[in-house]
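Tertiary structure, described
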Amino acid sequence: MNMNKVVSGFFIILAMTINFGFFYGSPEILAEHSKYELFAAIVINLIATIFKFGDKTQVGSVLLATSLVADIQLIASASVWVFALYGLGTVNAEETTAIISLSGGALLANITSVVIFVGDTLKSKR
């Protein structure tokens, strides 16, 4: 068993599940989405990205690209939240929808990453 693959796979899947936990809920009601869960999703995604830097294969490049997309979208989501809250003074429906939509894009990138990771694992020889 390759311990690096186990740890990397753990963080890839954890990033997806935490991102889903934040995304799940009504896109109009910000109270259904925890700021702490968004922060955790950002941190776990960044850790997953770091693990993907060591893979020099073509699949590793695609995994890194999906992870970078998820990172950018989650950071953008948090940035919209912070700007709306502290810059505008309130978070209305438009900003709430943007926050959740950006995390949804990151979720899609994470799902793509998990599918590619599982596919690569299944095709690899023992």
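Residues numbered from 1 in each chain as written. Predicted model: local features only at pLDDT ≥ 70, side-chain atom pairs only at ≥ 80, totals over all residues. Heavy atoms only, no water.

**Thoughts on the side chain of Thr49**
- Tracing the backbone shows Thr49 in helix 2 (residues 35-52).
- When residues no more than four places from it in sequence are discounted, the contact partners of Thr49 are Leu64, Ser67, Leu68 and Asp71. (Helix = DSSP H or I, 4+ residues; strand = E, 2+ residues; numbered from the N terminus. Contact = heavy atoms within 4.5 Å.)

**Examining the pattern of salt bridges**
- Considering all chains together, one arrives at 2 salt bridges under this definition.
- Lys5 serves as the salt-bridge partner of Asp120, at 3.8 Å between the closest nitrogen and oxygen. Taken together, the residues Asp120 in helix 4 (residues 93-123) and Lys5 in helix 1 (residues 3-23) connect sequence positions 115 residues apart.
- For Asp120, a relative accessible area of 16% puts it in the buried group.
- You can call Lys5 partly exposed: its relative accessible area is 37%.
- The residue Lys123 makes a salt bridge to Asp120 at a minimum N-O spacing of 3.8 Å. Separated by 3 residues within a single helix, Lys123 and Asp120 lie in helix 4, roughly one turn from each other.
- Ionic contacts of the salt-bridge type, sharing partners, join the residues Lys5, Asp120 and Lys123 into one network. (Salt bridge = Lys/Arg side-chain N within 4 Å of Asp/Glu carboxyl O. Buried < 20%, exposed > 50% of the residue type's maximum accessible area, 1.4 Å probe, protein only.)

**A word on the nonpolar core**
- Core analysis: the largest hydrophobic core is formed by 18 residues, its most contacted members being Phe22, Leu38, Ile42, Ile44, Leu74, Trp81 and Ile99.
- By residue number, the principal contributor to this core is helix 2, which donates 5 residues.
- Discounting chain neighbours no more than four positions away, the residues touching Ile42 are Leu74, Ile75 and Ala78.
- Residues Ile12, Met16, Val114 and Phe117 belong to the second largest nonpolar core, which totals 6 residues. (Core = buried A, V, L, I, M, F, W, Y, C linked by side-chain atoms within 4.5 Å.)

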